[in-house]
Amino acid sequence: MKRRNFLVALGATFVAGCDAISDSKIFGSLVETAGNWHRGIHRALGVGRITMAPEFTRADISPFFRGNGSLEVDSDAYRASAANGFADWRLSITGLVDNELSLSMDEIRALPQRTQITRHDCVEGWSAIGEWTGPQLSSILEMAGVQEGARFAVFRCADNLNGADYYESCDMDDAFHPQTVVAHQLNGEALPVLNGAPLRLRLERQLGYKHAKYLTGVELVASLDDIEGGRGGYWEDRAGYQWYAGI
Amino acid sequence: MASKPKKPRKKHALSTRIWHWVNVVSVTILFMSGLNISNGHRRLYWGDWGFASEHAWLEVPRFPGWATIPGHYSLATARDWHVIFAWVFALGLLFFMVRALMNGHFRRDLFTKLAEWRPKNVWHDIVEHLKFNFEHEGVKFNFLQKVAYSGVIFVVLPLMIFTGMVMSPGAEAAVPWLGDLLGGRQSARSIHFICAFLLLAFFVVHIALVLLSGPIKQVRDMITGGKIDEEA
């Protein structure tokens, strides 16, 4: 019993020391550096080719696609839009583009489509597999015309979680990645509300919290500093999750 | 690479000692931050996907604050620690492996010879261990030590890195065959967890044997390098 108490005390002391370090500025910059190293090596490991998230067959699709975070948008406007089959939903493309766009659901469905069966990995540790359909973000961005100086794509969402609007962002490499899709279908059906109806981003080489649901707009920017909390995403601002979620 | 390993002057090469103490820090931090990450989702699955209890093969306990980094549940901070020290650990292992290949440590001390696998020798080794007789009769490690150290260095530690990579969507996209090889992301996660506890078991036995075989000399030798035993 005594030895166990000693171990607990030792563990607690060590943990307390680590907690103090966690809050320091140096630790924060180390985290950022490590994240950049991971991102760099993940892309470098492709040795020239674009790395692709694994794609699966229909037989691999999980029986249910779990939802997490916001499971609906708590507003009358959203409920009215849902009741109307999202006929009035629009996706805006703004920021550093030649022509700002405002696309209707019909216009999005009329674009060339990509269907991919991919695995969704939550930061918590679980995974689900689903089949997603929608236009590639690259084709939408090309329609708008990307201006020089655009370094990040910011994804605006309709949902408000714990008092803050959900948003996410990625670099241009991920924005133009072939598997980065604005999905309006899951497993061949219109996207369920719990999974982000009517539009959800698929950013397949990163964890689930990057796959923004209830998508209302894409904004191209030169810097993330002035957007919301400045860390590039809802969970990044709120809880300190890593902006590069490829790890 | 030398054709014949030179006889070392010290019991532990400098590279081995550096790696040993770096691992004390990095593996401890990886293990304890890993326990915090485990608290984020306590079910383990086989295959590529799984999210509910009916898919799970194991639900692990919630690990208490004194055993986790940080001391309260924070998936974000725990992942920060894990992501930083993954680099320290992986680069350290690479550094050690290159040095141990170059200085002959692997060939001289760790690789077992076929004759050592004879049941008689294995049994003899087990009996001597149970008698707490740790004399090695002229070689650095006896059979059980070689198997334990080789198992950790060549199987468990590399598996920690490879399963960790499969769990990272960015890394898996770069080396998708690794995911297939390890049976899918959730299998990799299960193996990662099992290997972590194999390492804990190794650590417990390692500490116990150090305590039983002259702990002060053992720790001193792992710092200064120590001298080769006369008969070796």
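This text goes with the structure placed above it.
Nothing here was measured: the structure is a model prediction, and the numbers come from that model.

## What to know about the overall build of chain B
Phase 1: Looking only at helices and strands, one finds nine helices and two strands in chain B.
Phase 2: Mapped in sequence order, the helices and strands of chain B form the string α-β-β-α-α-α-α-α-α-α-α.
Phase 3: If one aligns the C-alpha atoms of chain B with their principal axes, the spans along those axes are about 60 × 40 × 35 Å.
Phase 4: Sorting the 232 residues of chain B into buried and exposed places 30% on the buried side.

## With respect to the interface of chain B and chain A
Phase 1: Taken together, the 34 residues of chain B in the interface contact 43 residues of chain A.
Phase 2: When residues of the side of chain B that touches chain A are traced back to their parent elements, those giving at least two are α2 (75-102), α6 (169-174), α7 (176-181) and α8 (185-212) of chain B.
Phase 3: Of the residues that constitute the side of chain B that touches chain A, the class distribution is 17 nonpolar, eleven polar and six charged.

## Quick look at the sheet that holds strand β11 (residues 215-221) of chain A
Residue and element names in this part refer to chain A.
Phase 1: Overall, mixed pairing links the five strands, which are arranged β2-β1-β11-β5-β6 in an open sheet. The strands lining the two open edges of the sheet, one partner per strand, are β2 (101-104) and β6 (164-171). For this sheet, the mean inter-axis angle between neighbouring strands, taken without regard to orientation, is 20°.
Phase 2: Sheet topology places strand β1 (residues 90-95) next to β11; four bridges connect them, and they run parallel. Across the sheet, the residue bridging to Ser92 is Gly217, located in β11.

## Description of the sheet that holds strand β4 (residues 127-134) of chain A
All names here are of chain A.
Phase 1: Taken in spatial order, the four strands of this open sheet run β3-β4-β8-β9, and their pairing is antiparallel. Edge positions in the open sheet fall to β3 (114-121) and β9 (189-190), since each of these has one partner strand only.
Phase 2: In the sheet, β3 pairs with β4 via eight bridges, with the strands oriented antiparallel. Note that in β4 the partner of Gln116 across the bridge is Trp132.

## Quick notes on unusual backbone geometry
Phase 1: Of note, the bond from A:Ala197 into A:Pro198 is cis; its omega dihedral lies within 30 degrees of zero at 0°.
Phase 2: Positionally, A:Pro198 belongs in the loop between β9 and β10 (200-202).
Phase 3: That bond from B:Ile69 to B:Pro70 is cis: its omega, -10°, falls within 30 degrees of zero.
Phase 4: For B:Pro70, the location among the structural elements is in the loop between β2 (58-59) and α2.
Phase 5: In this structure, A:Tyr214 takes a positive phi of about 50° despite not being glycine.

## A short note on the environment of B:Gly151
All names here are of chain B.
Phase 1: Mapped onto the fold, Gly151 is located in helix α5 (residues 143-167).
Phase 2: Of the residues examined, Gly151 has 13 C-beta atoms within 10 Å and is grouped as partly exposed.
Phase 3: Expressed as a C-alpha distance, the spacing of Gly151 and Arg118, which sit 33 residues apart in the sequence, is 18 Å.

About the thresholds
Residues numbered from 1 in each chain as written. Chains lettered and ligands numbered in written order. Predicted model: local features only at pLDDT ≥ 70, side-chain atom pairs only at ≥ 80, totals over all residues. Helix = DSSP H or I, 4+ residues; strand = E, 2+ residues; numbered from the N terminus. Buried ≥ 20, exposed ≤ 12 C-beta atoms within 10 Å, placed from the backbone. Contact = placed C-beta atoms within 7 Å. Nonpolar A, V, L, I, M, F, W, Y, C, P; charged D, E, K, R; others polar. Pairing = 2+ DSSP bridges. Axes fitted to C-alpha atoms, helices over the stretch in contact; angles between N-to-C directions.

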